Amino acid sequence: MEEFISLGKWWLPNSPEVVVPGKLSFSANGGVKLELLGSFYDSPFQEVSKEKDLLPAGESLLPENLKATEETTIIDLIKPEETIILGLLENNEEVTLYKCYGSLLNFELIDRHDLFFQAAYLFRQIHFKNEQEIKFTSISVRYFYLEEWIGKSGIQGMWSGKENKIWLSYQPPSSIPMGEFKALDLSISFSQIYLNPFDIYFGRTYYKGSVEQKTFLTLHNPKNEPLDKCVEVILHFRDFLTFAISKPSSISAVTGNVNVSYERRIFKDDGSPSIEKGIKEKQVNILFSVWNSENSSEIKIFPYEMLFLYSDIEGELGEVFKQWLHKKELYESVFELFMVTMYTPNLYLHYRFLNMIQALEVYHGNKYKESKYQETKIYQEGISKNLLEVIAEFPPKNRENPHGISDDFRAALKGQVSSNLNRFTLHTRLTEILADITHLLPDNFVGGADNIKSFISKAITTRNALTHYSKKAAKPEELVHLFQSLKVIIQCCLLRELGLTDESIKKLIKRNINY
């Protein structure tokens, strides 16, 4: 979604006579911002509450000519909220700001007060007068790298050097249905052919030509689901695409189709004028803020760098995406740690490493519910009981007995025995995960049993060193290797969760040039 800044004039739907000049700006990271040179409101204050006996007698802080009454109105600076703000840009384009939250930009008692609004959504080329009109029948979304990931093209070219001719044809590929998600029908669609009929009728001569196929995620909305719900699915698919290509993707453009009423003057057969009323479909550009949405169009990515392609799951995209939504909810913290790392490639390496190893630790805890060495009852009635008795009876620390333990230490030991000592350590968790997926990795990825033990030990030592600021952390070149290895391990785990077979996962890892 491209950044832009424009001057314009602005008003509220219920007060169109109050028109205020201002500047509108948008960026994907910063969102929709409106700075007004003035205000829609008569006063910069709003009533907050009414207080009785505001000040004790004789302690008034009010000016001498004012007295505190039995009931005093408490006021504060306005913090306006408007569902819709309408605008007209300097190029006469109609725009609508939706879900707006405001504050005072500056305030002077005598002079004017200026307002600042931040909006959740910006609609271009349309005026919605109320929230009920905002009903999109369908929404189409372009993502960076979606074309490369889907890998389908309807463009064909032929060249004949002998005849000095080039033939270029385009037929959009068939759309790819994905099924229903949260009352929305999803599909992958491709740009349609459009030629101006007047150019054809008048036999226009063309001196240049180009064909660009655009690929979209299309959301059909037969049940008029709210826009927030549509955007939620749009962002989920962005995360899914980022996982698939192993690079941060971002949203390039969002357009929505909405039914609008129209009136136009026509002439009847007898020549008398009349007004025709009807409904037509209008396309609207939709802009909204997306966290960490850097323009990544300049970064090239090739199929052999991606974790998996559409062709690897062709015919199963809908089911795989459905699993993505389900597992993202089931392993929420795991996905958050992984996706944050993916979207912030400039994050310090040690933070990226810590995110990956924590994601694996959390994944194991969620995947294997009984992550304990003994059943709780057996543990509590056995070694835990004995250890707690020893801790309770151990002598306190004092001058006569420096080898005793303090009250804080005693409480800490009891806490560890009661809640943590029976839980699997990180060493055990990583050992179990690797034992489960080692056969999916290349033979030289980690190595044999001794190499696996060494890898796990190095990863844990580095995690503890970075967490507690010790000097035992891995060297930078070792840290890169540890990070990349942990990343591949969690990718294998998540590919399994999405329903891919072990055989297909093994082929994907072996094919990838980065691994």
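As a reminder, the structure under discussion sits directly above these lines.
Residues numbered from 1 in each chain as written. Predicted model: local features only at pLDDT ≥ 70, side-chain atom pairs only at ≥ 80, totals over all residues. Heavy atoms only, no water.

1. Description of the side chain of Thr215
Next, step 1: Within the secondary structure, Thr215 is located in strand S14 (residues 215–220).
Next, step 2: Filtering out sequence-adjacent residues up to four positions away, Thr215 remains in contact with Val141, Arg142, Leu146, Glu147, Ile150, Ile188, Ser189 and Phe190. (Helix = DSSP H or I, 4+ residues; strand = E, 2+ residues; numbered from the N terminus. Contact = heavy atoms within 4.5 Å.)

2. Observations concerning the environment of Glu3
Next, step 1: Looking at where Glu3 falls in the secondary structure, it is placed in the segment before strand S1 (4–12).
Next, step 2: Put simply, Glu3 and Asn29 are 26 residues apart on the chain and 9.6 Å apart in space, counted from C-alpha to C-alpha.
Next, step 3: Apart from residues lying up to four places away in sequence, Glu3 is in contact with Phe26 and Ser27.

3. Quick look at the packing of aromatic side chains
Next, step 1: Scanning all chains against the criterion turns up 26 aromatic pairs.
Next, step 2: Consider the rings of Phe40 and Phe117, whose centres lie 6.1 Å apart with planes at 40°: the pair is tilted. Linking Phe40 in the loop between strand S3 (31–36) and strand S4 (45–52) with Phe117 in strand S8 (residues 114–124), this pair joins segments that are 77 residues apart in sequence.
Next, step 3: Residue Phe40 is classed as buried on the basis of its relative accessible area, which comes to 10%.
Next, step 4: By relative accessible area, which is 1% here, Phe117 ends up buried.
Next, step 5: Ring centres 5.3 Å apart and planes at 55° place the aromatic pair Tyr331 and Tyr363 in the tilted group. With Tyr331 in the loop between helix H4 (317–330) and helix H5 (332–343) and Tyr363 in helix H6 (residues 349–367), this residue pair connects regions lying 32 residues apart in the sequence. Comparing Tyr331 with Tyr363 shows no difference in burial state: the two are buried.
Next, step 6: One aromatic cluster is present, formed by Tyr143, Trp149, Phe181, Phe237, Phe240, Phe243, Phe308, Tyr310, Phe321, Trp324, Phe335 and Phe338 through successive ring pairs.
Next, step 7: The positively charged end of Arg124 is found above the aromatic ring belonging to Phe4, 4.4 Å away from the centroid.
Next, step 8: Between Lys322 and the ring centre of Phe181, over which it is positioned, the NZ or CZ distance is 5.9 Å. (Phe/Tyr/Trp six-rings, centres within 6.5 Å; stacked < 30°, edge-to-face > 60°. Buried < 20%, exposed > 50% of the residue type's maximum accessible area, 1.4 Å probe, protein only. Lys NZ or Arg CZ within 6 Å of the ring centre and 35° of its normal.)

4. A closer look at the packing of helix H10 (residues 426–437) against helix H11 (residues 449–468)
Next, step 1: Two elements in contact, H10 and H11, have axes separated by 10 Å at closest approach and are oriented at 140°. In terms of their interaxial angle, H10 and H11 are classed as oblique. H10 and H11 meet at a crossing whose hand is right-handed. Counted together, Leu426, His427, Leu430, Thr431 and Leu434 of H10 and Ile452, Phe455, Ile456, Ile460 and Arg463 of H11 form the full contact between these two elements. (Axes fitted to C-alpha atoms, helices over the stretch in contact; angles between N-to-C directions. Parallel < 35°, antiparallel > 145°, perpendicular 65-115°, else oblique. Left-handed = near helix turned anticlockwise from the far one by under 90°.)

5. Regarding the environment of Ile489
Next, step 1: Looking at the element boundaries, Ile489 is found in helix H12 (residues 476–497).
Next, step 2: For Ile489, a relative accessible area of 2% corresponds to the buried category.
Next, step 3: Excluding residues that lie within four positions of it along the chain, Ile489 makes contacts with Leu360, Ile433, Leu434, Ile437, Phe445 and Phe455.

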